[in-house]
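Examination of the molecular architecture
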4 protein chains.
Amino acid sequence: MNDIFSIPVRVYYEDTDAERIVYYANYLRFAERARTEFLRALNIPAETAKDGSRCGFVARHVELDYKNSAFLDDLLTVTCEIKELKNSSVNIYQEIKKDQDVLCTINITLVYINIDRHRPTRIPETMRQALN
Amino acid sequence: MNDIFSIPVRVYYEDTDAERIVYYANYLRFAERARTEFLRALNIPAETAKDGSRCGFVARHVELDYKNSAFLDDLLTVTCEIKELKNSSVNIYQEIKKDQDVLCTINITLVYINIDRHRPTRIPETMRQALN
Amino acid sequence: MNDIFSIPVRVYYEDTDAERIVYYANYLRFAERARTEFLRALNIPAETAKDGSRCGFVARHVELDYKNSAFLDDLLTVTCEIKELKNSSVNIYQEIKKDQDVLCTINITLVYINIDRHRPTRIPETMRQALN
Amino acid sequence: MNDIFSIPVRVYYEDTDAERIVYYANYLRFAERARTEFLRALNIPAETAKDGSRCGFVARHVELDYKNSAFLDDLLTVTCEIKELKNSSVNIYQEIKKDQDVLCTINITLVYINIDRHRPTRIPETMRQALN
């Protein structure tokens, strides 16, 4: 499956904790980096305000499965795959891997909202086409 | 329900992001603070090495539901309730609230492991009794 | 010296790194929490936008001296003392202590700026009086 | 000066705060990534335990000058230059730049210590030669 988008992520001290492993919340930081680069590759800005629409994606639901730990200096691969695209939301599946070993899987549902009214909004057509 | 354990958490700049809301991974930091204080109240040390057993809890599965955003300066309440206690794991339900408004719910399964062998281990009897 | 402002800060896993000590950048997070609470005690909002002025304090210069390490579960004290108040800046001295042991000292100069123009601005008179 | 070591750093949501700029402590995270890669390029492991010596570098003194802010999505350059090498410490100068604009300078003194005794130790000869 070499058509799955991914980025490399190096583990630094900032990512680890006193158990000498990557702190459990930091996999979400790595996952967002991959999503941001995925969107960038599709020419979709990460920041809501950037395109003047005051709209953007926010996390609605996240599921993490921790299978194995990552350690200081590990070079990880973080994938990003769209699983389902709805009117105003998108479901994304992500893996955090060390070589072929899947350390953590992340299932995330993002909702496209208007930041000011904090209401779900239909994902614009050009963005839908890019995501498809 | 005044028998549910909770701690107050203030939102500082460090917790927010460029959307002016709390960064989505940081709710897991708040949740762990509450779990640590919950364990402390039960006299269970957070750090694996502390009691010489080289055993401790690590996250196995996490589910987050984001319902509403927290903002800079918000004073939040983070709860911690044990839902199920098994041989070597525990399921905990947590809410992150602003006044009565539930901003985020977290369902987390922790496994008690031996850090060196990274294998699930039976939760010691004294700890089980404290958790029950 | 019981007239020096201080707050307690507990060290959690999120604050530590793989050396089992508090990560060196995180002392700046602790320091900002103390400054924010110091300002709150003086009724000065932390966020620039909050009072409609679009002005606020940003860090200009920071000096940290690391004398000793903080560890997981440590209960620290973080102080905050104004050393000098100028037209558009303020110099603050902070200590991060464990009991009487000073682990880290921080000297920070904050400049009061207009966020939109990113220019130093005179600190308003009411705020000056509160800070004095 | 194309012989100054540097790495690129992309600014993600995790790095920003509610002022829509990079949070002041996070420049230290970026700086450490550059130092770690600098050491890696010299074949010096970052983690104290990795080479069995139980020795490693810890921060003793840090000075930061904030000149300008970095924003979401910025692609920064973080440099790393050794300024002085002593028996058991090293002084490093770092710049965080956006294009040619220096946003932040960092002066850091690291001390080589034995982690167990927490005492300064002479930097080993092979490491000295690599650093020179």
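Each value, and the rule that gives it
Residues numbered from 1 in each chain as written. Chains lettered and ligands numbered in written order. Predicted model: local features only at pLDDT ≥ 70, side-chain atom pairs only at ≥ 80, totals over all residues. Helix = DSSP H or I, 4+ residues; strand = E, 2+ residues; numbered from the N terminus. Rg over C-alpha atoms; globule rule 2.2 N^0.38 Å. Buried ≥ 20, exposed ≤ 12 C-beta atoms within 10 Å, placed from the backbone. Least-squares fit on C-alpha atoms with pLDDT ≥ 70 in both. Contact = placed C-beta atoms within 7 Å. Pairing = 2+ DSSP bridges. Core = buried A, V, L, I, M, F, W, Y, C linked by C-beta atoms within 7 Å. Nonpolar A, V, L, I, M, F, W, Y, C, P; charged D, E, K, R; others polar. Expected span 1.5 Å × (residues − 1). pLDDT = per-residue confidence, 0-100.

Let us now look at the overall build of chain A. The number of helices and strands found in chain A is two helices and six strands. Ordered by position from N to C terminus, the α and β elements of chain A give β-α-β-β-β-β-β-α. Taking 2.2 N^0.38 as the reference for a compact globule, 132 residues should give roughly 14 Å; the C-alpha atoms of chain A span a radius of gyration of 16 Å, in line with that estimate. Overall, chain A is about 45 × 30 × 25 Å in size when its C-alpha atoms are taken along their principal axes. Taken over 132 residues, chain A has a buried fraction of 41%.

Quick look at the relation of the copies chain D and chain B now. Least-squares fitting of chain D to chain B yields an RMSD of 0.0 Å, with the superposition described by an axial translation of 0.0 Å and a rotation of 180 degrees. Taken together, the turn and the small shift mark the pair as related by a two-fold rotation axis. For chain D, the residue whose C-alpha comes nearest the rotation axis is Asp17(D), separated from it by 2.0 Å. With an isologous cut-off of 70% or more, the 100% of interface residues of chain D that recur at the interface of chain B puts this contact in the isologous class.

Turning our eyes to something else, we now look at the pairing of strand S4 (residues 89-98) of chain D. Residue and element names in this part refer to chain D. Here strand S3 (residues 75-85) runs beside S4; their pairing, made up of six bridges, is antiparallel. Paired with Thr 77 across the bridge in S4 is Lys 97. In this structure, the hairpin formed by S3 and S4 is closed by a connection of three residues. Sheet analysis places S4 next to strand S5 (residues 101-114), joined by 10 bridges and oriented antiparallel. Directly across from Ile 96, in S5, lies its bridge partner Cys 104. Once S4 ends, the chain turns through two residues before running back antiparallel as S5, passing Asp 99 with a positive phi of about 50 degrees.

All right, on to the nonpolar core then. Soluble, globular proteins show a tendency: their nonpolar side chains are buried together. Counting residues in each nonpolar core, the largest one holds 156 residues, and the members touching the most others are Tyr27(A), Tyr27(B), Tyr27(C) and Tyr27(D). Residues in contact with Tyr27(A), not counting those within four places in the same chain, are Val22(A), Leu64(A), Ile96(A), Cys104(A) and Ile106(A).

Here the focus is the relation of the copies chain A and chain B. Rotating chain A by 180 degrees about the axis while translating it 0.0 Å along that axis superimposes it on chain B, leaving an RMSD of 0.0 Å. Mapped onto chain B, 100% of the interface residues of chain A again fall at the interface, so both copies present the same surface.

Okay, the interface of chain D and chain B next. Contacts between chain D and chain B engage nine residues on the former and nine residues on the latter. Of the residues that constitute the side of chain D that touches chain B, the class distribution is five nonpolar, one polar and three charged.

Let's shift gears to helix H1 (residues 26-41) of chain B. The end-to-end C-alpha separation of H1(B) is 23 Å, in line with the 22 Å expected for 16 residues at 1.5 Å each. Of the surrounding elements, those touching the buried residues of H1(B) are helix H1 (26-41) of chain A together with strand S1 (5-10), strand S2 (55-66), strand S3 (75-85), strand S4 (89-98) and strand S5 (101-114) of chain B. One or two steps after H1(B), the chain reaches Asn43(B), where phi turns positive at roughly 70 degrees.

Overall, the prediction assigns chain A a mean pLDDT of 92, with 93% of residues at 70 or greater. Here the prediction assigns the complex a pTM of 0.95, and the interface score ipTM is 0.93.

In this section: helix H1 (residues 26-41) of chain D. If you check which residues of H1(D) are buried, you get Asn26(D), Tyr27(D), Leu28(D), Arg29(D), Phe30(D), Ala31(D), Glu32(D), Ala34(D), Arg35(D), Thr36(D) and Phe38(D). Close packing links the buried residues of H1(D) with helix H1 (26-41) of chain C together with strand S1 (5-10), strand S2 (55-66), S3, S4 and S5 of chain D.

Residue-level contacts link 17 residues of chain A with 17 residues of chain B. Looking at the side of chain A that touches chain B, the elements with two or more residues in it are H1 and strand S2 (55-66) of chain A. If you tally residues by element for the side of chain A that touches chain B, the top one is S2(A), at eight residues. Residues belonging to the side of chain A that touches chain B are distributed by class as follows: nine nonpolar, two polar and six charged. Strand direction decides the pairing type here: S2(A) and S2(B), joined by five bridges, are antiparallel. The residue bridging Val62(A) from the neighbouring strand is Leu64(B), located in S2(B).

Attention now goes to the environment of Leu85(D). Residue and element names in this part refer to chain D. Relative to the assigned elements, Leu 85 resides in strand S3. Classification of Leu 85 by C-beta neighbours within 10 Å gives partly exposed; the count is 14. The spatial distance from the C-alpha of Leu 85 to the C-alpha of Lys 67 is 27 Å, given a sequence separation of 18 residues. Beyond its immediate stretch of four places on either side in the chain, Leu 85 contacts Val 90, Arg 128, Leu 131 and Asn 132.

So, on to the pairing of strand S5 (residues 101-114) of chain C. Residue and element names in this part refer to chain C. Pairing between strand S2 (residues 55-66) and S5: 11 bridges, direction antiparallel. Of the residues in S5, the one forming a bridge with Tyr 66 is Cys 104. Note that S5 and strand S6 (residues 119-120) share two bridges and pair antiparallel. Bridge assignment links Ile 113 to a residue of S6, and that residue is Pro 120.

You will see that Arg20(A), though not glycine, has its phi angle at about 70 degrees, which is positive. One non-glycine residue with positive phi stands out, namely Asn43(B), at about 70 degrees. Mapped onto the secondary structure, Asn43(B) falls in the loop between H1 and S2.

Bringing the environment of Arg54(A) into the picture now. Here Arg54(A) lies in the loop between H1 and S2. Taking the C-alpha atoms as reference points, Arg54(A) and Asn114(A), 60 residues apart in sequence, are found 5.9 Å from one another.

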